[in-house]
Amino acid sequence: MICAAMEILHNGSLPSHPFPSNPFPDIYLPNLSPHNRNFSPIPKSKFRACTPRITGFKHSTVSKHVHPQTLLPSYVDTLTSSPAEIVDFISLLNRCTTLSEVRQIHAQTVKLSALKSNSSVGNKLVVLYSRNQLSLEDARKLLDEIPKRTVPAYAALIGSYCRNEQWDDLFSVFRLMVYEGMLPDKYLVPTILKACSAMQLLRIGKMVHGSVIRKIVDSDVFVGNALVDLYSNCGDLGSSRNVFDTMQERDVVSWTALISAYMEEGLLDDAIHIFHLMRLDGVKPDLISWSALLSGYARNGEIDLALDTLEEMQEKGLQPRVNSWNGIISGCVQNGYLEDALDMFSRMLWFPEDPNIITIASILPACTGLKALHLGKAVHGIALKHGILGNFYVQGSLIDMYSKCGSNDYAEKVFGKAENKNTTMWNEMIAAYVNEGKVENALGLLTLMQKDGWKPDVITYNTILSGHARNGLKTQALELLSEMVQMELKPNVVSFNVLISGFQQSGLSSEALKVFRIMQSPADDVNPNEVPDLSMRPNPITITGALAACADLNLLHQGKEIHGYALRYGFEPNIFVSSALVDMYTKCHDMDSANKVFFRIEGRNTVSWNALMVGYIKNKQPEEAFKLFLEMLQEGLAPSSITFKILLPACGDMAAVRFGRGLHGYAAKCQLGGSKNAIASALIDMYTKCGSILEAKSVFDFEVEKDVPLWNAMISAFSVHGMARNAFAVFEQMELLGIIPDHITFVALLSACARDGLVEEGWKYFNSMENSYGIAASLEHYTCMVGILGGAGLLDEAYDLIRQMPYPPDACTWATLLQACRVHSNPEIGERAAKALFELEPDNAANYMLLSNIYVSLGMWDSAKSLRSYMRGRKLLTIKECSYLTIGSHICAFKGGESCHPEFEEILETWEKLAKKMELSGYFPLDPVFEDEEKEMDPFCCLHTEKLALCLGIISSSAGHPIRVSKNIRMCIDCHTAAKLISRIVGREIFVKDVCFYHHMKDGICSCQDRW
């Protein structure tokens, strides 16, 4: 019986009637419709032959036994518009079973002008037309033509619109009904309330509720149930409960609606309490009630409780149906429990329960989120097997899954084979092209969509707008915006949001802010040649995009203005807005404001904490970032993979190996899954910078599935430590395993050659890059070759290579050559490199310092003094230096010009002892210099903060323990020489990481071979 019903629904038609549908020749059945006024009457002679009795047809014996279709063609032709015949019209309409019959009678009433003389027939026709989705347009047109409409006609059309979810049409008809002074009865009220609930139109729903109270029909259980659902769906749980409590009669639907309302608000304990009260009230929960519990638990992330409820309902004798399983599956997907969703889908199939359209549309996003293409294909096969592949929701989900899993060819096949495309499907395919960066293909599909008779909607244009904006196609994006207006598609706030975020992501942050201003500008301030007048109020997503643009451009003042706007409209509590504010303030170097915003955030998430940690690190306060991380753990929040990617490089920069080890252990416990290799690469980099190459190699060896970035990290690690041969060995192992290197691999190899002065090996790898792997040499690779030649003292060859390479040299290239000139004391080429460098970076004091060091090393004091005067005249100051030393779990920072450390006196005493011992070796180090912070820093004065850090390390750690120091600028000659001698004097290994090199000093020798 069910199968038969399903077959009927699937075919979209009723089974044939036992009576013949057309006993007359075709010439007697003209094709009639409300739009065809050429009615051809049947000849009277033939009519009389068909039936001997016409008058009082509805009372005749024949009418009781003969199907209306038998008499309809001939009888309709004899009817007039008299009151008696109107009754016969209505009698015939009551017996109509097909749309064609209704249209034939409609045609005759039009011919006889019966609709104008009597509205009963017209209202009845509206009711009949409303029963068929294909004739809804006819019903609406006819309703407009009837001079006097009735509540049943309105109710029929409104009900049909509700069943088809045509909410705009429904409210249009409802407004007309109210305008004519008619109010819905108790049968129509639930339908109106359902529409208000679906559209979340709480104000209109309350008006209907008021009407219900006045008409004293609120005691009706169906009206009460609809009101409970309305208020709960609109987020007004209090009103929902009040309606429920005042209901005189409650059925299982009433209780289920209230349970769903509490579940929707996340009040699980209250929901289960109401479930128990329902049982105590003598109402037996049905399958829908149990399913409401299941889906409620799942939606709130309580998957275990959902599974327990699933077992309990089976113990009560209720077998879960497809909707029960769908509730759990969709809940798992909504909460990101994608693997659990797939597990539930598998259990459902084994139960066994056949999936439906909602099941497939719900489970495909889980495959998409896991990038599980093979599982997506399996679900595709299941949909095909169960005959639900033709549904456009399923096809749209398949297109989305294939495109996001990187298989656009499959997405195109699904789209091409779809027979019943709708706008959503076109949008999915357009989005697939946009996400792949194929904007032109998306535009082509838009044109094809229009040619096929489909009208693009706002979502279509927003998708293409997003693609253009993200690709920096400003002009084309604004033209599309104007085109939307011309097509009478008013852009919404999403249209502006995708423009703002897209422009910001593509580097057009100033354009993003311009769109933000236009969005709020009155018509007089808008340039119609740029953007049409579409001013509207921004939402939190708009604010987030605009703040990101301010952060990119370092526009603190504008960022504060936007902050004021967010406060005025109550957007600051939004977690995305508050996180964007923290990010903006940190990038604009206003850490005080960033802190104030951060600590006002209620329910801070990992993103918020990460934003402030990044801010501290970018603003040279990494120790504060570590403190913040500990606070985050104390609040019970788990770090994300991004958190580790933020903090591990900071540990390396500060040589905070102990803290880095702690993060390593914590990351291992977190089991970060898909980010495993990225975290491993960050760990290798951290251990490398902290001087622990063995621990870096241990991390590398531990990983079973190594990707190219991980191999690159290990090669770079050996390169930094001056272990070129080890780096070459790792590369050879990589080649043996068939792993294809990328351009970064060769940067690491060439850097290893540069540090050890391996010219021959450098040229070998440089040439094999393109010859063996088809990787074209980039500017970065040429710069590495300049470093190799320069490091080997081949300065003329390095200079010639710069002049001959196919790229214009950048500041890094010239700085590399200038550094080589400093190492080899070559002022001639050094001055040429410096001249080019000063043109590219006229305000970078470090470049002037390099040239000054060349002059000083050669005793060219006048040149050094002249350069110093020039720098002072232009107020070029070096970065304020800072050195870090980790003692236990505490990070000590020594900042240039400061002498506030509590053990400062003991540090100076230690330094004096070391200085005397160094003098015995013939070296006379400079003394530490501290200047008042109010005075100007002397960029030529070595403040020796690493010397102070070394002394504290000697004082605070046991003999033989390595000392690890990190510095934020390049070590000077004096500090480098002193650190080497101290390593021999105290008999300790000293690790110093500066901004350019890694120095491992032992027994008076440095790993950099004095070529830094």
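The structure this text deals with has already been given above.
Okay, so let's go over this structure. These numbers come from a predicted model, not from an experiment.

## Some remarks on the packing of aromatic side chains
Using the criterion set out here, one finds 25 aromatic pairs in the structure. Aromatic side chains F415 and W426 sit 4.9 Å apart centroid to centroid with 80° between the ring planes, which places their arrangement in the edge-to-face category. Separated by 11 residues along the polypeptide, F415 in helix α25 (residues 408–417) and W426 in helix α26 (residues 423–435) bring together distant segments of the chain. Across the pair, W426 and F415 agree in class, each one buried.

## Overview of unusual backbone geometry
The peptide bond linking F351 to P352 adopts the cis configuration, its omega dihedral lying at 5°. Checked against the element boundaries, P352 lands in the loop between α21 (338–350) and α22 (357–369). Located in the positive-phi region is N554, a residue other than glycine, with phi close to 55°. Here the phi dihedral of A655 falls at roughly 55°; this positive angle occurs in a residue that is not glycine.

## Topic: the environment of E760
Looking at the element boundaries, E760 is found in helix α45 (residues 759–773). Separated by 28 residues in the primary sequence, E760 and I788 have C-alpha atoms spaced 9.5 Å apart.

## Looking at the sheet that holds strand β1 (residues 882–887)
Pairing is mixed across the open sheet formed by 6 strands, whose spatial order is β2-β1-β3-β4-β5-β6. The sheet terminates laterally at β2 (890–895) and β6 (1005–1006), the two strands that pair on one side only. Pairing analysis gives 4 bridges linking strand β3 (residues 963–967) to strand β4 (residues 990–993), with the strands arranged parallel. Paired with I963 across the two strands is I990, which belongs to β4.

## Quick notes on the packing of helix α31 (residues 509–520) against helix α32 (residues 540–553)
One way to put it is that α31 packs onto α32 with a least axis distance of 9 Å and a crossing angle of 140°. Relative to α32, the element α31 is oriented oblique. Note on packing geometry: the crossing formed by α31 with α32 is left-handed. Packed against α31, whose contacting residues are S509, S510, A512, L513, F516 and M519, the element α32 presents T542, I543, A546, A549, C550, D552 and L553 at the interface. Split into classes, the residues belonging to the contact of α31 with α32 amount to 9 nonpolar, 3 polar and 1 charged.

## Observations concerning the pattern of salt bridges
Enumeration over the complete set of coordinates arrives at 23 salt bridges. K697 serves as the salt-bridge partner of D701, at 2.9 Å between the closest nitrogen and oxygen. Pair noted here: D701 and K697 are both in helix α41 (residues 693–702), with a separation of 4 residues, about one helical turn. Judged by relative accessible area, K697 falls into the partly exposed class, the value being 26%. Through salt bridges with shared partners, a single ionic network connects D653, D685, K689 and K993.

## Overview of the environment of I715
You can see I715 is positioned in helix α42 (residues 708–720). Overall, the relative accessible area of 0% leaves I715 in the buried class. Distance in space between the C-alpha atoms of I715 and A727 is 4.7 Å, their sequence separation being 12 residues. Sequence-distant contacts of I715, that is, excluding residues within four places in its chain, are made with A727, V730, F731, M734, T745, A748 and L749.

## Observations concerning α42
Think of an α-helix as 3.6 residues a turn; residues three or four steps apart then line up on the same face. Helix length check: α42, at 13 residues, gives a terminal C-alpha distance of 18 Å against a target of 18 Å (1.5 Å per residue), a fit within 8%. Of all 13 residues in α42, 10 are buried; the element is thus mostly enclosed. Looking only at α42, the buried set comprises V708, L710, W711, N712, A713, M714, I715, A717, F718 and S719. Elements that come into contact with the buried residues of α42 comprise α40 (676–689), α41, α43 (724–736) and α44 (743–756). Here α42 starts with a cap whose side-chain oxygen sits 3.1 Å from the backbone nitrogen of L710, and that cap is D707.

Cut-offs used in this document
- Residues numbered from 1 in each chain as written.
- Predicted model: local features only at pLDDT ≥ 70, side-chain atom pairs only at ≥ 80, totals over all residues.
- Heavy atoms only, no water.
- Phe/Tyr/Trp six-rings, centres within 6.5 Å; stacked < 30°, edge-to-face > 60°.
- Helix = DSSP H or I, 4+ residues; strand = E, 2+ residues; numbered from the N terminus.
- Buried < 20%, exposed > 50% of the residue type's maximum accessible area, 1.4 Å probe, protein only.
- Pairing = 2+ DSSP bridges.
- Axes fitted to C-alpha atoms, helices over the stretch in contact; angles between N-to-C directions.
- Parallel < 35°, antiparallel > 145°, perpendicular 65-115°, else oblique.
- Left-handed = near helix turned anticlockwise from the far one by under 90°.
- Contact = heavy atoms within 4.5 Å.
- Nonpolar A, V, L, I, M, F, W, Y, C, P; charged D, E, K, R; others polar.
- Salt bridge = Lys/Arg side-chain N within 4 Å of Asp/Glu carboxyl O.
- Expected span 1.5 Å × (residues − 1).
- Polar contact = N/O pair within 3.5 Å; in protein donor to acceptor, adjacent residues only side chain to side chain.

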